[in-house]
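What follows is each chain in one-letter form.
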Amino acid sequence: MPASAPIALRKLAEGEEPQLGLITPDMAHFETSREMLARSIEGDFARLHLPA
């Protein structure tokens, strides 16, 4: 059970419905979401710390 979850905020286009809940690889917006989170990690806006 994760203690936290990634959150990425962006503006929605006019009339766009937000995608909520768990994002899985079979969803149409999966790649877009993955790219947004990758940019935040690469830009050092977010970090993942794993127990040693």
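Everything numeric in this text was worked out from a predicted model, so none of it was measured.

S.K.: Would you mind going over the pattern of salt bridges with me for this structure?
M.R.: Two side chains carrying opposite charge are able to pair once their charged atoms lie near each other. Evaluated as defined, the whole model comprises two salt bridges. Across the salt bridge formed by Arg-10 and Glu-16, the nearest N and O atoms sit 2.6 Å from each other. Note that Arg-34 and Glu-31 form a salt bridge whose closest N and O atoms lie 3.7 Å from each other. Taken together, the residues span about one helical turn, with Arg-34 and Glu-31 both in helix 1 (residues 30-42) at a distance of three residues.

S.K.: Which parts of the structure should I look at to understand the environment of Thr-24?
M.R.: Looking at the secondary structure, you find Thr-24 in the segment before helix 1. Within the local environment of Thr-24, its side chain forms a polar contact with the side chain of Asp-26, the two groups lying 2.3 Å apart.

S.K.: How should I be thinking about the layout of surface pockets in this particular structure?
M.R.: By volume, the largest pocket is sized at about 680 Å³. Considering the residues around the largest pocket, the lining is formed by 23 residues, among which Ala-8, Gln-19, Gly-21, Ile-23 and Ser-33 are closest to the centre. In terms of residue class, the lining of the largest pocket is made up of 14 nonpolar, five polar and four charged.

S.K.: Got a minute to help me understand helix 1 in this structure?
M.R.: One turn of the α-helix equals 3.6 residues, which is why residues spaced by three or four share an orientation. Compared with an ideal rise of 1.5 Å per residue, which puts 13 residues at 18 Å, helix 1 spans 18 Å between its outermost C-alpha atoms and is within 8% of the ideal. One or two steps after helix 1, the chain reaches Asp-44, where phi turns positive at roughly 60°.

S.K.: Which parts of the structure should I look at to understand the side chain of His-29?
M.R.: Mapped onto the fold, His-29 is located in the segment before helix 1. His-29 has contacts with Gln-19 and Ile-23, leaving out every residue within four places of it along the chain.

Conventions and cut-offs
- Residues numbered from 1 in each chain as written.
- Predicted model: local features only at pLDDT ≥ 70, side-chain atom pairs only at ≥ 80, totals over all residues.
- Heavy atoms only, no water.
- Salt bridge = Lys/Arg side-chain N within 4 Å of Asp/Glu carboxyl O.
- Helix = DSSP H or I, 4+ residues; strand = E, 2+ residues; numbered from the N terminus.
- Polar contact = N/O pair within 3.5 Å; in protein donor to acceptor, adjacent residues only side chain to side chain.
- 1 Å grid on protein atoms, 1.4 Å probe; cavity = no way out; pocket = protein on both sides within 12 Å on 5 of 7 lines; lining within 4 Å.
- Points joined across faces, edges and corners; volume = space filled by probe spheres on them.
- Nonpolar A, V, L, I, M, F, W, Y, C, P; charged D, E, K, R; others polar.
- Expected span 1.5 Å × (residues − 1).
- Contact = heavy atoms within 4.5 Å.

Fair warning: the whole summary comes from geometry, so function is off the table for now.
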